[in-house]
Structure formats: C-alpha cells, structure tokens
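One-letter residues, chain by chain:
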There are 2 protein chains.
Amino acid sequence: MKRRNTPSKTAVLSALERANTALSHDKLLDTLAGSVDRATIYRILNRFCEDGIAHRIVADDGKQYFALCEDCSHQEEHSHNHFHFRCLQCDRVECLTTEVSVNLPKGYLAENFNGVISGKCRACGSL
Amino acid sequence: MKRRNTPSKTAVLSALERANTALSHDKLLDTLAGSVDRATIYRILNRFCEDGIAHRIVADDGKQYFALCEDCSHQEEHSHNHFHFRCLQCDRVECLTTEVSVNLPKGYLAENFNGVISGKCRACGSL
DNA sequence: TTAATTATTGCGACTCTATTGCAATAATAC
DNA sequence: GTATTATTGCAATAGAGTCGCAATAATTAA
Ligand SMILES: [Mn+2]
Ligand SMILES: [Mn+2]
Ligand SMILES: [Zn+2]
Ligand SMILES: [Zn+2]
C-alpha cells in the first residue's frame, strides 16, 4: 500500500511541525479549522504512526496525543522510551527528552512504552 | 461525606483482593456476574481511588484498570511511581514493583504518574 | 496527455468507555 | 424506631475513536 501526498496530509504534518508539543485530535481539528474531516485526521495520524513519522501518547485523561518523531527518527531501532508531561492546567503535552529503561521481570517482552506524568508545567506554575 | 459499607462495595473490594492483577471495569462486571450495576462499579472504583484504597492505571488501550494499593498504603506519602505491564495477548495488567523517579525540567510539578509497558507476559511468551 | 488503478477522503453510522440525573433504597447515627 | 443522607439502579448522555461505502483525486502506465 503505497502512500500518497494529499493536501490533508500536508496540513496535518505542518500543524504538527508548527506546534512544538504533542497534539490531540480535537486540537488538530481546531487548528485545521474544518478544512479536514474528523475521520480523515484520525486516519492520517494513524498512518503517521505506522510509518514512524509520529508517535502516539495515550495520556492519563484517556485521550491520544501525537508528536512528530524528531530526535528519534535517525535511529534504526525506533523506540520511544521517554516520558511525556501533560499540564493539568493548560493541557499541553510535551515529550521529555531523557530516555528511560525499565527492566521487566524475566520472560517479559516489551513492545510499547507509554509514560505520562501530569501536573503543572513551568508556565502555569508561576501564576 | 462519610463512606458506608455496602454489599456492592465489599464485592468489588474482594474481587480486587482475589485478583493479583489490576482489573478493568468490564472484567469486574464479569466477575461480579451482574450482581452489581455497571455505573455502581464505576462509582465504587472512583471512590476507592479518592480514598487511596486503589489506584487507577490508564493503559495504552485507552481503558482504565484498577489495582489495590498494597505495598504503598503504609507510606504517608502515597505515591504510585511504578510501571504497569499489560500483556497484549492475555490482556492482564500488573503492577511492576520497582519505583521509578523521573526528573522533570525546572519549574515542573508532578502530580500523577502513569507508566504502562505493553508486550508479552511470561506465560504468553512461552507458547 | 490521457486513461486506468487504487489510496484517500467525507459523511454518517456505529462502538466502546465512562459519566450523570434522578428517584428509590438502605446504611448509619441519634 | 426514626431521620438523615450516602449509595444504588436504571436510563440517558457524553466523548473518543473506528468503520463502511460511495465519491474523489494522486499516482502510474500507456
Ligand atoms: Mn519520537
Ligand atoms: Mn499502589
Ligand atoms: Zn501548563
Ligand atoms: Zn499474557
């Protein structure tokens, strides 16, 4: 299944590039101002994840957020063992840069890592 | 708001005790075999979390799982900085015991920790 | 440049998880 | 036992995400 370039895809991609945080579906829907359909956004983001262009974060609010793979794209072993921070006040979700490693019990095989810490971000803390 | 003891509450609590893993709502609904209403289970679990009897895990499948606070209940600083493992095959979610600490960027305040690693558990790996 | 192929889109319907309003029930305190 | 009010059951609702399908348009080959 070969991927095609479409205005919608480009729009979602550049919205993710412009934001320096992870974005949720509804935030993207907002940003794209109705120029792209809901379901299409979902499908584009899922494709980005399949293709390793973005990664999905399931936050503790039960919603999915998406961030471009920047620092990690050049590695052959594409892993996302980093935490994300979600501000409970401004609701921004951002990647924390430090990679973490967890040692699992014997016999366990890790496939996905999903770490989210929620709290107050710097900007919101100094209010 | 003072808490009361009810058969439903007891049933949910002992179901959680019996299981040595975290349980999802539907798993509990199953276990309780229709003796407790869906909404009631949700409410009981939310109360358990408020009261520090259980903790909530938002897994990467978007569902909530609940586990009793065992090792952590005796600490005054009730924290849950441990990962959870969800098996993609048998769908069991369990607490990993090692506590982790993440250092956040300056000015960030952590309030909740939610770490989930999904993959294949020991039992399912050796098939 | 045109025609054929098929990935992608838009729309609506749908699934699934979780919450909420409200009247009825029952645990606790007096 | 009576009064108080936390809890329950039920139905309705909200919200996130997916899916089927016909229409559209990006790509490829002629
Ligand atoms: Mn990445
Ligand atoms: Mn605990
Ligand atoms: Zn903030
Ligand atoms: Zn398993």
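Up top is the structure these notes are about.
(A) Examining the nonpolar core more closely. Residues A:Phe83, A:Phe85, B:Phe83 and B:Phe85 are the most contacted members of the largest nonpolar core, which totals 19 residues. Of all the elements in the fold, those that place two or more residues in this core are strand S4 (82–87) and strand S6 (109–120) of chain A together with strand S4 (82–87) and strand S6 (109–120) of chain B. Leave out the neighbours within four places in its chain, and B:Phe83 touches A:Phe83, A:Val102, A:Phe113, B:Glu94, B:Cys95, B:Leu96, B:Thr98, B:Val100, B:Phe113, B:Gly115, B:Val116 and B:Ile117. B:Ala15, B:Leu28, B:Ala54 and B:Phe66 belong to the second largest nonpolar core, which has 17 residues in total.

(B) Structural view of the protein's contact with DNA strand D. Near DNA strand D lie 26 residues; those nearest to it are A:His25, A:Gln64, B:Thr6, B:Thr40 and B:Arg43. Per the 4 Å cut-off to the protein, sugar and phosphate atoms form 64% of the nearby atoms of DNA strand D. Between A:Arg4 and DNA strand D, the recorded distance is 3.0 Å, taken from a side-chain N or O atom to a base nitrogen. Within the side chain of B:Arg47, a nitrogen or oxygen atom sits 3.0 Å from a phosphate oxygen of DNA strand D. Contributing elements (two or more residues each) for the surface near DNA strand D: helix H3 (38–51) of chain A together with helix H1 (7–18) and helix H3 (38–50) of chain B. Its residues assigned to classes, the surface near DNA strand D comprises 7 nonpolar, 8 polar and 11 charged.

Rules used throughout
Residues numbered from 1 in each chain as written. Chains lettered and ligands numbered in written order. Predicted model: local features only at pLDDT ≥ 70, side-chain atom pairs only at ≥ 80, totals over all residues. Heavy atoms only, no water. Core = buried A, V, L, I, M, F, W, Y, C linked by side-chain atoms within 4.5 Å. Buried < 20%, exposed > 50% of the residue type's maximum accessible area, 1.4 Å probe, protein only. Helix = DSSP H or I, 4+ residues; strand = E, 2+ residues; numbered from the N terminus. Contact = heavy atoms within 4.5 Å. Near = heavy atom within 4 Å. Polar contact = N/O pair within 3.5 Å; in protein donor to acceptor, adjacent residues only side chain to side chain. Nonpolar A, V, L, I, M, F, W, Y, C, P; charged D, E, K, R; others polar.

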